[in-house]
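Descriptive structure summary
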Number of protein chains: 2
Amino acid sequence: MSSSRQRGFGTGDQSEGRPAKRVSLQTVGRLSVYRKVLEELYRDGAEFIHSHQLAGLVGVSPAQLRRDLASFGSFGNIARGYNVYQMSRTISRILGTDESQNVALFGVGDLGRALLSYRGFEERGFHIAAAFDVDPEKVGRVYAGRRCYHTDKLEEVLPEFDVHMAILASRPEGLQLLTDRICAAGVQGILNFVPKRVTVPAGCFVEETDITSKLEMLSFLARSDQVHDGEELESAGPGEPVAQDMTG
Amino acid sequence: MSSSRQRGFGTGDQSEGRPAKRVSLQTVGRLSVYRKVLEELYRDGAEFIHSHQLAGLVGVSPAQLRRDLASFGSFGNIARGYNVYQMSRTISRILGTDESQNVALFGVGDLGRALLSYRGFEERGFHIAAAFDVDPEKVGRVYAGRRCYHTDKLEEVLPEFDVHMAILASRPEGLQLLTDRICAAGVQGILNFVPKRVTVPAGCFVEETDITSKLEMLSFLARSDQVHDGEELESAGPGEPVAQDMTG
DNA sequence: TGTCGGCTGTGATTGTATTCACAGTAGCCC
DNA sequence: GGGCTACTGTGAATACAATCACAGCCGACA
């Protein structure tokens, strides 16, 4: 729902005659989780793991785990299971995070600064190489080791740092124009924290991260659960036809 | 994929014999977007809107929009479309955000402070009423108007503020124990920013927000797109069977 | 007041994700 | 070496989400 491509997509034509498998975004999202857990397992000294064990740890069904992995080839040893280290490495290669890649940050407000000091990015192969803002107060300053450039300079700076991914944490004004420029400068992936939808040209991808929307979903779930438990909400609980007459 | 309930769920038995409709989480997520756009439209003075217009604005198909709304009853006027104001209000009621509700924040680190100063929550009906941390430096201080309590005091403080939703932005250590306590204290919805999976009892819900995971998805998408465009990656591009022999 | 255009709400259909269930087999034990 | 166990990988089946397509209706306009 949040990606610019809703559906599965081809993973490239195979040189062999094998049919091009299609991988869904949800599968990719789960791969990411698998890898995280596998790394913990590796640190704990585990060498092999079975699908039902790993599935239990990440909270999916064993069948789904096997299916996800099978999208990319044959990973497991029938009797011993999956090699923890190899599989972690393999998923990294699939995700493209086996080598660290540079990321640009747009908007050095509260959220931007929090992201700059977030260690999780480095740990998983992403390095915020440069920050951008339009505020003259901020331009030229160094935040957590990263210099802040003026947004107008992005066409010069992005190639300099070989950046192909960007994080948007700026003001909503002019966001689409900014996005257009970023894409034109060679960025292919955009993680958008600004609660404003942007569109990107073909070949680029956006992930929206509207945290308030997640709170709204939780609010709905908690509410519907109350109703489910037998208590009837007097005023328009979910499931009730709350719209009586909207014809104005 | 990130909620504790993967599937659709009943929305409560209807008093009439009408079958209990099931609403998927994805529908709820879209409702949230609809409402956001409807509010902008309302500010711009729009009174009625047709499904294809609104659908175009939020980037879904008109059929899907109508289907989403129909899950909750009959909203529209056949000839004039949907009443912008009424529909916005109605979705708020469905989501449970028609009245402001209090939220608790756990962890006043960089991210926690960014969330405290984020205006988007208030705008959409969520008020961070209290913050918690274990750091004696932080306990007792006031951040953006909100006092920081010691995490040990949550059982006292949460009922005091009538809190039923929580945001986790703390250290990963002991996160599950913290979550258990929070749920026991009456919280039904948890938004988890910590990159560590937690489980909750029945009747509670978690939404995971692993931002690095989103970057990984983007990395994969950008990469697979390169392959798609004809360029063959020499080393294990997505779609290639990257796992040769994992039998150790 | 009658006719017509175009919209909503929804049954039917299609497409996709997940689960089931099992064939085939690697490793282990004797 | 042979037999047994239980795991993977995958075709088949199921469940679910999105789309199609149209009946029925509302309001506009003559």
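Keep in mind that this is a model prediction, so the values were computed, not measured.

Looking now at unusual backbone geometry. If a residue is not glycine, its phi is most likely negative; likewise, a peptide bond is most likely trans. All names here are of chain A. Phi at alanine 144 takes a positive value of approximately 50 degrees, unusual for a residue other than glycine. Within the secondary structure, alanine 144 is located in the loop between β7 (142-143) and β8 (146-150). Look at aspartate 162: it is not a glycine, yet its phi comes out positive at around 55 degrees. As for its placement among the helices and strands, aspartate 162 is situated in the loop between α7 (154-161) and β9 (165-168).

Okay, the protein's contact with DNA strand D next. Neighbouring DNA strand D are 28 residues; Ser51(A), Gly76(A), Ser24(B), Ser61(B) and Ala79(B) lie closest to it. Of all the secondary-structure elements, those providing two or more residues to the surface near DNA strand D are α2 (51-58) and α3 (62-70) of chain A together with α3 (62-70) of chain B. For the surface near DNA strand D, the element with the highest residue contribution is α3(A), accounting for five residues. For the surface near DNA strand D, the class distribution of residues is ten nonpolar, 13 polar and five charged.

As a further point, take helix α8 (residues 175-184) of chain A. Residue and element names in this part refer to chain A. Listed as buried for α8 are Leu178, Thr179, Ile182 and Cys183. Within α8, the buried residues cover an arc of 135 degrees as seen down the axis, which keeps them to one side. Buried residues along α8 sit in contact with β5 (101-106), α7, β9 and β10 (189-192). The first or second residue beyond α8 is glycine 186, which carries a positive phi of 100 degrees.

Right, let's talk about the domain arrangement of chain A for a bit. Partitioning chain A into domains gives domain 1 (20-95) and domain 2 (101-211). Averaged C-alpha coordinates put domain 1 of chain A and domain 2 of chain A at centres separated by 31 Å.

Next up on the list: the pairing of β9(A). All names here are of chain A. Across the two faces of β9 the burial is the same, with Met165 and Ile167 and Ala166 and Leu168 all buried. Strand direction decides the pairing type here: β5 and β9, joined by four bridges, are parallel. Along β9, the bridge assignment pairs leucine 105 with isoleucine 167. Of the pairings in the sheet, the one linking β9 to β10 comprises four bridges and is parallel in character. Bridging from a neighbouring strand, leucine 168 pairs with asparagine 192 of β10.

About the cut-offs
Residues numbered from 1 in each chain as written. Chains lettered and ligands numbered in written order. Predicted model: local features only at pLDDT ≥ 70, side-chain atom pairs only at ≥ 80, totals over all residues. Helix = DSSP H or I, 4+ residues; strand = E, 2+ residues; numbered from the N terminus. Near = placed C-beta within 6 Å. Nonpolar A, V, L, I, M, F, W, Y, C, P; charged D, E, K, R; others polar. Buried ≥ 20, exposed ≤ 12 C-beta atoms within 10 Å, placed from the backbone. Arc of directions from axis to C-beta. Contact = placed C-beta atoms within 7 Å. Domains from an automatic or database assignment. Pairing = 2+ DSSP bridges.

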